[in-house]
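# Structural overview
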Amino acid sequence: MKKPVRVAVTGAAGQIGYSLLFRIASGAMLGPDQPVILQLLDITPSLPALNGVVMELDDCAFPLLAGIVQSDDPKVAFKDADIALLVGARPRGPGMERKDLLEANGAIFTIQGKALNEVASRDVKVLVVGNPANTNAYIAMKNAPDLNPANFTAMMRLDHNRALTQVAQKTGVAVTEVKKLTIWGNHSSTQYPDIFHAEVKGQNAAQLINNQQWLESEFIPTVQQRGAAIIKARGLSSAASAANAAIDHIRNWVLGTPEGDWVTMGVPANGEYGYSDLIYGYPVTCKDGKYSIIQGLEISEFSRARMDASAKELSEERDAIKHLL
Ligand code: NAI
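Residues numbered from 1 in each chain as written. Predicted model: local features only at pLDDT ≥ 70, side-chain atom pairs only at ≥ 80, totals over all residues. Heavy atoms only, no water.

### A short note on the sheet that holds strand β7 (residues 178-179)
How we decide: One bridge is not enough; two strands pair if DSSP finds at least two bridges between them. Strands here mean DSSP runs of E at least two residues long; helices mean DSSP runs of H or I at least four residues long; both are numbered from the N terminus.
What the three strands build is an open sheet, ordered β7-β10-β11; its pairing is antiparallel. Single-partner strands in this sheet number two, and they are β7 and β11 (203-204).

Written out as structure tokens, the structure reads:
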């Protein structure tokens, strides 16, 4: 039997947590022969609910679940963590501006970045899901100077998966026939879903669809606004699909991306496509537990304007939390 992997999950008593933990414990994230220890963090008032979730995890008798830790202390939950899924965040309350949300969450990710720096495995792979995910990942990364900055990522995979299905439905193919989509930028309504390098059954997706009106008035806004559409329909934000995207993100990062395809991850920008000092959505391939950004894609003026707009929003978010770094 392999040595168990320690997976820390924050906000473990929340909606996404409830969809996420059971799949991690079942082997969906790291494979059917990889035992896991779940290290669950939530705030003190949520601990009774967390205990209920742990009771249910126990009741599944998952063969791969080698242990469970529950705590309201990040230093306990992150101890020796190999993977950290930072899901817990303050939701936007009534009358709260975006700036207030940045501030409230900034404080959380400062503390969690410091705790990861102190106690997590030196190779910990961090995925930030809690919004604003890209900027929260940036804050955690900056507060963890002893860890590799490349190991701090933000979740763009839900946007990526949403876009895959939109293209598959438009072209009448199975979702597995759509490849090389990219969501550039921020996990927000400024994100830019790009089909110009995407392929449908090996053909260029933009050329095959050949419909600028659909692209600009349907596809891009549908993907950008999907989160809001789900809140409107369900009365709650996307949870099962978000958990699924987190599983996909980590599975590909650890076990690799399929040949001939790429995925989108929010990763530190170091000059790629002209952006730096941000956590930006890029197309990446993963191999041997490391991701690499796809370089040298040709960017049209149409794409560039949208990629720049999202980078601008990210730099404004970064400037708003500067005092927390
Ligand atoms: P939820 O409100 O159901 O659960 C959040 C949990 O986090 C609660 O149990 C809460 O007690 C906990 N929490 C709050 N502050 C914490 C802290 N300092 N430390 C540890 N735990 C803390 O929310 P849900 O639906 O599970 O969503 C979680 C986050 O994920 C939200 O910020 C949401 O906006 C974001 N999200 C991100 C997506 C993405 O694609 N990046 C997609 C969907 C949601």
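### Considerations on the pairing of strand β3 (residues 65-71)
Bridge count between strand β2 (residues 36-41) and β3: six bridges; the pairing is parallel. The residue of β3 that forms the bridge with Val 36 is Leu 65.

### As for the pattern of salt bridges
Heads up, the rule is: Salt bridges are defined as contacts in which a side-chain nitrogen from Lys or Arg sits within 4 Å of a carboxyl oxygen from Asp or Glu. Exposure categories follow from relative accessible area, calculated using a 1.4 Å probe and restricted to protein chains: below 20% of the type maximum is buried, above 50% is exposed, and the middle band is partly exposed.
Scanning the entire structure with this criterion turns up 11 salt bridges. When the shortest N-O distance is used, the salt bridge between Asp 248 and Arg 251 registers 3.0 Å. Taken together, the positions of Asp 248 and Arg 251, both in helix α10 (residues 240-255) and three residues apart, correspond to about one turn of that helix. Here Asp 248 falls in the buried class, since its relative accessible area comes to 9%.

### So, the packing of aromatic side chains
Geometrically, a pair of aromatic rings is defined through the distance of the ring centres and the angle of the planes. Filter applied, for reference: Ring geometry is summarised as follows: Phe, Tyr and Trp rings, the Trp one being its six-membered ring, pair when their centres sit within 6.5 Å, and such pairs are stacked at plane angles under 30 degrees, edge-to-face over 60 and tilted between the two. In this scheme, Lys NZ or Arg CZ marks a charge over a ring once it lies within 6 Å of the ring centre and within 35 degrees of the ring normal.
In this structure the tally under the stated criterion is 10 aromatic pairs. Seen from their ring centres, Tyr 18 and Phe 22 are 5.5 Å apart, and the 75° between their planes marks the pair as edge-to-face. In this pair, Tyr 18 and Phe 22 both sit in helix α1 (residues 15-26), four residues apart, roughly one turn of the helix. Classification of Phe 22 by relative accessible area gives buried; the value is 15%. Positioned above the aromatic ring of Phe 302, the side-chain terminus of Arg 306 is 3.6 Å from the ring centre.

### Some points on helix α6 (residues 157-171)
Operational definition: The length a helix should cover is 1.5 Å for every residue beyond the first.
Its 15 residues give α6 an end-to-end C-alpha distance of 21 Å, which sits within 8% of 21 Å, the value for a rise of 1.5 Å per residue. Of all 15 residues in α6, 11 are buried, a share of seventy percent or more. Just downstream of α6, Gly 172 is the residue with a positive phi angle, here 70°.

### Some details on the packing of helix α4 (residues 98-119) against helix α5 (residues 133-142)
Threshold: Axes here mean lines fitted to C-alpha atoms, for a helix over just the part in contact, with angles spanning 0 to 180 degrees between N-to-C directions. By definition, any crossing whose near helix is turned counterclockwise from its far helix by less than a right angle is left-handed, and any crossing with a clockwise turn is right-handed. Contact criterion: two residues are considered in contact whenever any of their non-hydrogen atoms come within 4.5 Å of each other. In this classification, Asp, Glu, Lys and Arg are treated as charged, Ala, Val, Leu, Ile, Met, Phe, Trp, Tyr, Cys and Pro as nonpolar, and every other residue, Gly included, as polar.
Axis separation between α4 and α5 bottoms out at 8 Å; the angle between their running directions is 40°. At the point where α4 passes α5, the crossing takes the right-handed sense. Side by side, α4 and α5 meet where Leu 102, Asn 105, Gly 106, Phe 109, Thr 110 and Gly 113 of the first sit next to Thr 135, Asn 136, Ile 139 and Ala 140 of the second. Of the residues in the contact of α4 with α5, the class split is four nonpolar, six polar and no charged.

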